[in-house]
Amino acid sequence: YNDPESEHWAVSRAISIDKVDLGPDWSSAIKGLTNPVLSEYRYTYAKAGTYKAVFVASNGNIDNLKSVTKEITITVTP
């Protein structure tokens, strides 16, 4: 409630803004607007296991944004 006649305060524990942990799922850009068209994309997984690869493509301008997401499950065996 934005009341200009009063001030509101809250007290909490310390908030660290130096380090943000987004967890193990970091995104990697594989193509930008000025890069040539990709005919293939390769990635090497370091350990055996089951992984979910998620690809997000978007195209936008000031008036419109279109996006599509594709997921595939990959099983890496030793």
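Residues numbered from 1 in each chain as written. Predicted model: local features only at pLDDT ≥ 70, side-chain atom pairs only at ≥ 80, totals over all residues. Heavy atoms only, no water.

Novice: Whenever I open this one, the overall build of the protein chain confuses me. Can you help?
Specialist: Looking only at helices and strands, one finds zero helices and two strands in the protein chain. For 78 residues, the compact-globule estimate of 2.2 N^0.38 gives 12 Å, and the C-alpha radius of gyration of the protein chain, at 21 Å, exceeds that figure by more than 25%. Oriented by its inertia axes, the alpha-carbon framework of the protein chain measures out at about 65 × 40 × 20 Å. In the protein chain, which comprises 78 residues, the proportion classed as buried is 1%. Here the analysis covers contacts within the protein chain between residues at least 6 apart in sequence; of these, 26% occur between residues at least 24 apart. Charged side chains of the protein chain number 8 positive and 9 negative; the gap between the two group centres comes to 18 Å. (Helix = DSSP H or I, 4+ residues; strand = E, 2+ residues; numbered from the N terminus. Rg over C-alpha atoms; globule rule 2.2 N^0.38 Å. Buried < 20%, exposed > 50% of the residue type's maximum accessible area, 1.4 Å probe, protein only. Contact = heavy atoms within 4.5 Å. Lys, Arg positive; Asp, Glu negative; His and termini not counted. Charge placed at Lys NZ, Arg CZ, Asp CG, Glu CD.)

Novice: Can you help me understand the pairing of strand β2 (residues 65-76) in this one?
Specialist: Regular strands show a simple pattern: their side chains alternate between the two faces of the sheet. Summarising burial for β2: zero of the 12 residues are buried, a small minority. Bridge analysis of strand β1 (residues 49-60) against β2 gives 12 bridges, and the strand direction is antiparallel. Along β2, the bridge assignment pairs A53 with I72. Once β1 ends, the chain turns through four residues before running back antiparallel as β2. (Pairing = 2+ DSSP bridges.)

Novice: I keep staring at the packing of aromatic side chains and nothing clicks. Help me out?
Specialist: Each aromatic ring pair is characterised by the separation of its centres together with the angle its planes make. Considering all chains together, one arrives at three aromatic pairs under this definition. When the ring of Y43 is compared with that of Y45, the centres are 4.8 Å apart and the planes differ by 70 degrees; the resulting orientation is edge-to-face. Since its relative accessible area comes to 23%, Y45 is described here as partly exposed. Judged by centre distance (4.2 Å) and plane angle (25 degrees), the rings of Y45 and Y51 are stacked. Given a relative accessible area of 23%, Y51 falls into the partly exposed group. (Phe/Tyr/Trp six-rings, centres within 6.5 Å; stacked < 30°, edge-to-face > 60°.)

Novice: Please clarify how the pattern of salt bridges should be interpreted in this entry.
Specialist: It is possible for side chains bearing opposite charge to pair when their charged atoms get close. The final tally for this structure, using the stated rule, is two salt bridges. Residue E71 pairs with K52 through a salt bridge whose shortest N-O separation is 3.9 Å. On the criterion of sequence distance, the pair formed by E71 in strand β2 and K52 in strand β1 is long-range, its members being 19 residues apart. (Salt bridge = Lys/Arg side-chain N within 4 Å of Asp/Glu carboxyl O.)

Novice: Please clarify how a nonpolar patch on the surface should be interpreted in this entry.
Specialist: A cluster of nonpolar side chains, contributed by I30, L38, Y41, Y43, F55 and I72, occupies part of the molecular surface with about 560 Å² of accessible area. With respect to the helices, strands and loops of the structure, I30 is situated in the segment before β1. (Patch = residues over 30% accessible without salt bridge, like charges linked within 9 Å, V, L, I, M, F, W, Y side chains within 5 Å. Areas by Shrake-Rupley, 256 points an atom, 1.4 Å probe, with all protein chains shown as cover.)

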